[in-house]
Amino acid sequence: MSGPSEPKRAMRQRDADRTRAAILTAARTLFSTRGFANTGVREVAELAGVNSSLVGRYFGSKLGLFQAVLEEIDITPMLHGDRRRFGMDMVGIFFDVPDSPGPLLMMILSAADPEAHAATVEVLQKRVIEPLARWLGPPDGEGRAVRLNILWSGFLTSWKLLPLQALAGERVASTRRWLEAATQAIVDEGAA
């Protein structure tokens, strides 16, 4: 039997979920454009349209918020597609999803802070390298996963964070084809 307080509780839960999501979105935006050290809790709260005390309530600290944003990184959906198209599909995300470089830019921009750096390395290992290595399998799945990370990180850094003029205009299409082929070649190293 539901009482009169049940709708209020449901409403509070939806509001809490919306507030939490708004804080995460604002934090992702600021961490990926300013880095960890140059992003303040008050700025995140202001962008999210909430009181700054709610950041502490939901995430404990700025570092807790940073870790929560990092925990959203999930490569596993990409590992359920056609293995023969992995290069095209993965690189398609970089080019076709507007926010795709966000997590990487957030990680790179935050590397100078020791706590953020440690959190980044831990999450990168757990959420990207390990699942990718399991999916790639032998030979040397972990080494191949690391090489893919190096390839993608280098490309996204040169394209978005430290934009090279040579990656502008018509060269983007040929660079995309190269990146797709290089990604697929690493995946295919394990093919029998």
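Since this is a predicted model, take the numbers as computed values, not measurements. (Residues numbered from 1 in each chain as written. Predicted model: local features only at pLDDT ≥ 70, side-chain atom pairs only at ≥ 80, totals over all residues. Heavy atoms only, no water.)

What follows deals with the packing of helix 5 (residues 86–96) against helix 8 (residues 141–161). Two elements in contact, helix 5 and helix 8, have axes whose closest approach is 12 Å; the angle formed by their N-to-C orientations is 30 degrees. With respect to their mutual orientation, helix 5 and helix 8 come out roughly parallel. Considering how the two elements wind past one another, helix 5 and helix 8 form a crossing that is right-handed. On helix 8, the residues touching Phe86, Met90, Phe94 and Phe95 of helix 5 are Trp152, Phe155, Leu156 and Trp159. Residues belonging to the contact of helix 5 with helix 8 are distributed by class as follows: eight nonpolar, no polar and no charged. (Axes fitted to C-alpha atoms, helices over the stretch in contact; angles between N-to-C directions. Helix = DSSP H or I, 4+ residues; strand = E, 2+ residues; numbered from the N terminus. Parallel < 35°, antiparallel > 145°, perpendicular 65-115°, else oblique. Left-handed = near helix turned anticlockwise from the far one by under 90°. Contact = heavy atoms within 4.5 Å. Nonpolar A, V, L, I, M, F, W, Y, C, P; charged D, E, K, R; others polar.)

Further remarks concern the nonpolar core. Residues Ile23, Leu65, Phe66, Leu70, Phe86, Leu132 and Trp152 are the most contacted members of the largest nonpolar core, which totals 53 residues. The greatest single-element share of this core, amounting to nine residues, is contributed by helix 7 (residues 114–136). Excluding its chain neighbours within four sequence positions, the residues that come into contact with leucine 132 are Ile75, Leu79, Phe86, Ala145, Leu148 and Trp152. (Core = buried A, V, L, I, M, F, W, Y, C linked by side-chain atoms within 4.5 Å. Buried < 20%, exposed > 50% of the residue type's maximum accessible area, 1.4 Å probe, protein only.)

Here the protein chain averages 89 in pLDDT, and 91% of its residues register 70 or above. In the model of the protein chain, helix 1 (residues 5–34) stands out as the element of lowest mean pLDDT, 82, in contrast to helix 2 (residues 41–48), which has the highest, 97. (pLDDT = per-residue confidence, 0-100.)

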